[in-house]
Amino acid sequence: MEWSYFIQKLLGIKDSKIMIMDVINMDPHKKIFTKLDYSVPSGPVCGNQMKRYDFQKPSKTPYLETSSMPTRILLKKRRLI
C-alpha cells in the first residue's frame, strides 16, 4: 500500500494510527475505507487494562471533492470498555 501515505497527505490526515485500507471509485462518488486502532490503555479509575469492544461501525464522513468527484471517508474505530 505505497499509495496510502500519498492519500493521507492529500487529505490532510495527520494521525499516524489511521490506516487506509482501500479506495473505491464508484460511479457518483469515491469511497475511502480507513481504520483507526489504538493500543489498549489502562483504565482511569482502577488502572487495569481496558477491554476492546469488537463491534466496529464505520462512521461516514463526507469530504470535499477529490478529482472532481464527491468523496466519502468511512472510518472504522474500536470502542473500549
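Calculation notes
Residues numbered from 1 in each chain as written. Predicted model: local features only at pLDDT ≥ 70, side-chain atom pairs only at ≥ 80, totals over all residues. Heavy atoms only, no water. Helix = DSSP H or I, 4+ residues; strand = E, 2+ residues; numbered from the N terminus. Buried < 20%, exposed > 50% of the residue type's maximum accessible area, 1.4 Å probe, protein only. Contact = heavy atoms within 4.5 Å. Arc of directions from axis to C-beta. Polar contact = N/O pair within 3.5 Å; in protein donor to acceptor, adjacent residues only side chain to side chain. Pairing = 2+ DSSP bridges.

Student: Honestly, the overall build of the protein in this entry has me stumped. Any pointers?
Tutor: Along the protein, the regular secondary structure elements total one helix and six strands. In the protein, the succession of helices and strands from N to C terminus is α-β-β-β-β-β-β. Counting the 81 residues in the protein, one finds 23% classified as buried. Counting only contacts in the protein whose residues sit at least 6 apart along the sequence, the fraction spanning at least 24 positions is 40%.

Student: How do you make sense of helix α1 (residues 3-11) when you look at a structure like this?
Tutor: For an α-helix, the turn length of 3.6 residues means that residues three or four places apart are oriented alike. Of the residues making up α1, those classed as buried are S4, I7, Q8 and L11. Angular distribution of buried residues about the axis of α1 spans 100°; they occupy a single face of the element. Residues of α1 that are exposed and point over 90 degrees away from its buried face: Y5, F6 and K9. Following α1 by one or two positions, G12 adopts a phi angle in the positive range, close to 80°.

Student: What am I meant to see in the side chain of T71 here?
Tutor: Its location among the elements puts T71 in strand β5 (residues 69-77). Among the residues examined, T71 registers a relative accessible area of 3% and is labelled buried. At 3.3 Å, the side chain of T71 and the backbone oxygen of M69 are in polar contact.

Student: Just checking my understanding: could you explain the side chain of H29 for this structure?
Tutor: Mapped onto the secondary structure, H29 falls in the loop between β1 (18-25) and β2 (30-36). Setting aside anything within four residues of it in sequence, one finds H29 in contact with I24, M69, P70 and R72.

Student: How should I be thinking about the pairing of β2 in this particular structure?
Tutor: For a regular strand, side chains alternate in direction, first toward one face of the sheet and then toward the other. Residues K30, I32, T34 and L36 of β2 are buried on one face, while the alternating residues K31, F33 and K35, pointing to the opposite face, are not. Bridge count between β1 and β2: seven bridges; the pairing is antiparallel. Residue pairing across strands places M19 opposite K35, the latter belonging to β2. In this antiparallel pair of consecutive strands, β1 and β2, the connection spans four residues.

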